[in-house]
Amino acid sequence: MHEPLADAIVRAKPAQVSLRDVIALAKPRITFTVVVTAAGGLFLSQRLPDAASLTFSTIWATLLGVALIVAGANALNMYIERDVDRHMQRTRNRPLPAGRLAPRFALWFGVVASAVAIPILAIFANPLTALLALIANLLYVLAYTPLKQHSALALYVGAIPGAMPPLLGWTAATGRIDAAGLVLFGVLLLWQIPHFVAIALFRKDDYAQAGLVILPNVKGELACRHTIVRWIFACVATSLFLVPLGVAHHGYLVVASVLGAVFFTWGCYGLRETSGVRWARSLFGVSIVYLILLFAALEFF
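Now for a description of the structure that goes with this document.

So, on to the packing of aromatic side chains. Taken as a whole and assessed by the stated rule, the structure comprises 7 aromatic pairs. On the numbers, 5.9 Å between centres and 70° between planes, the contact of Phe202 with Phe284 is edge-to-face. Within this pair, whereas Phe202 is found in helix α10 (residues 179-202), its partner Phe284 is found in helix α15 (residues 277-300), the two being separated by 82 residues in sequence. Since its relative accessible area comes to 25%, Phe284 is described here as partly exposed. Here Arg82 stacks its cationic end above the ring of Tyr79, 4.4 Å away from the centre of that ring.

Another aspect to go through is the packing of helix α14 (residues 250-269) against α15. Where α14 meets α15, the closest approach of the two axes is 10 Å, and the angle between their N-to-C directions is 170°. Considered as vectors, α14 and α15 are oriented roughly antiparallel to each other. Contacts from Tyr252, Val255, Ala256, Leu259, Gly260, Phe263, Trp266, Gly267 and Tyr269 of α14 reach α15 at Trp279, Ser282, Leu283, Val286, Ser287, Tyr290, Leu293, Leu294, Ala297 and Leu298. Counted by class, the contact of α14 with α15 contains 15 nonpolar, 4 polar and no charged residues.

Let us look at the packing of helix α13 (residues 221-239) against α15. The geometry of a pair of packed helices is captured by two quantities: the angle between their axes and the separation between those axes. Two elements in contact, α13 and α15, have axes whose closest approach is 13 Å; the angle formed by their N-to-C orientations is 10°. On the basis of the axis angle, α13 is roughly parallel to α15. Each of Arg225, Ile228, Ile232, Cys235, Val236 and Ser239 in α13 lies in contact with α15, whose residues at this interface are Trp279, Leu283, Tyr290 and Leu294. Among the residues forming the contact of α13 with α15, the class breakdown is 8 nonpolar, 1 polar and 1 charged.

Let us look at α14. Taking 1.5 Å of rise per residue, the 20 residues of α14 would be expected to cover 28 Å, and the 29 Å separating its terminal C-alpha atoms lies within 8% of that figure. Of the positions making up α14, those classed as buried are Tyr252, Ala256, Leu259, Gly260, Phe263 and Gly267. One face of α14 carries all of its buried residues, which in axial projection span an arc of 105°. Residues His250 and Val254 are exposed on α14 and point more than 90 degrees away from its buried face. Buried residues belonging to α14 abut α10, α13 and α15.

Time to look at the nonpolar core. With 68 residues, the main nonpolar core has Val197, Leu242, Tyr252, Tyr290 and Leu298 as its most contacted residues. Sorting elements by how many residues they give to this core places α10 first, with 16 residues. In contact with Val197, other than residues within four places in its own chain, are Leu155, Leu215, Cys224 and Ile228. Counting 16 residues, the second largest nonpolar core, distinct from the first, contains Leu25, Leu76, Phe105 and Leu107.

Residues other than glycine seldom take positive phi values, yet Lys27 does so here, at roughly 50°. Within the fold, Lys27 resides in the loop between α2 (19-25) and α3 (28-44).

Moving on: the state of the cysteines. Applying the stated criterion across every chain, the model contains 0 disulfides. With no disulfide of its own, Cys268 lies 14 Å from the sulfur of Cys235, the closest cysteine sulfur.

Definitions and limits used
Residues numbered from 1 in each chain as written. Predicted model: local features only at pLDDT ≥ 70, side-chain atom pairs only at ≥ 80, totals over all residues. Heavy atoms only, no water. Phe/Tyr/Trp six-rings, centres within 6.5 Å; stacked < 30°, edge-to-face > 60°. Helix = DSSP H or I, 4+ residues; strand = E, 2+ residues; numbered from the N terminus. Buried < 20%, exposed > 50% of the residue type's maximum accessible area, 1.4 Å probe, protein only. Lys NZ or Arg CZ within 6 Å of the ring centre and 35° of its normal. Axes fitted to C-alpha atoms, helices over the stretch in contact; angles between N-to-C directions. Parallel < 35°, antiparallel > 145°, perpendicular 65-115°, else oblique. Contact = heavy atoms within 4.5 Å. Nonpolar A, V, L, I, M, F, W, Y, C, P; charged D, E, K, R; others polar. Expected span 1.5 Å × (residues − 1). Arc of directions from axis to C-beta. Core = buried A, V, L, I, M, F, W, Y, C linked by side-chain atoms within 4.5 Å. Disulfide = S-S within 2.5 Å.

The quantities given are spatial measurements derived from coordinates; they are silent on function.
This is the structure we're talking about:
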């Protein structure tokens with residue numbers, strides 16, 4: 001039986017338990033990004049002709065619930081992968097592999113945060129949003145995290161919970177899953193594949209050293225470049241469906257088309273024989289800029 005959270009805190013040395021390390025368990029940058037995209041789903045739903053006005057309780061409960069469910073999943077991910085993280089340059093200084101926090105502290109942090117999130121979403125938003133959040137949490141922790149050590153398919157499994165935030169915001173506001181909400185989900189799901197394949201291309205040695213199975217080390221670099229181009233095309237095409245569904249206007253169509261053309265062209269550069277790590281790093285950066293500007297265009301156009 002696991003010891004209570006309070007006991008885990010007491011067992012750790014004072015120098016080991018710092019607020020900074022506790023916050024790090026939640027992967028704050030990822031959590032913040034997720035909350036922003038969930039907020040996007042919330043407010044974009046107001047463009048529907050039959051949209052009900054958002055209440056303050058729906059807004060705060062959705063954003064708080066999403067933040068907690070993501071923070072909990074991230075902490076549990078770090079608990080499960082604490083030994084793997086020791087072997088990666090990018091992650092070896094995290095609180096658990098560095099020994100600054102006790103593993104059981106991370107375990108209880110993740111369980112409690114996840115457990116608190118579900119009733120908040122169910123009571124103050126709606127049960128559908130709570131169910132989707134629970135599914136995303138379980139997929140990330142129990143499917144994606146362990147699968148990374150066995151199969152490159154983990155990339156596609158992990159894209160599902162990663163794409164859930166805007167849909168959570170959408171369902172919190174509308175109480176239903178509809179075409180527009182699914183398109184928002186689809187854009188983020190399709191975007192993640194080229195984004196994370198690019199990361200895998202320039203960090204493949206680091207991942208291999210940690211024993212994680214990634215696409216470049218299974219199918220080779222050229223196949224990964226073709227994968228990137230295909231998924232970028234699908235992502236850009238899907239993003240344009242938001243206009244006929246009434247979520248975005250014609251100004252967005254122009255901006256999304258230009259952004260998509262740049263993103264796709266940059267991806268196609270990777271098909272050249274001379275493309276290498278430098279291109280993969282640049283595509284990673286371009287993918288982030290693309291997503292930020294795309295969601296900005298959704299809000300302002």
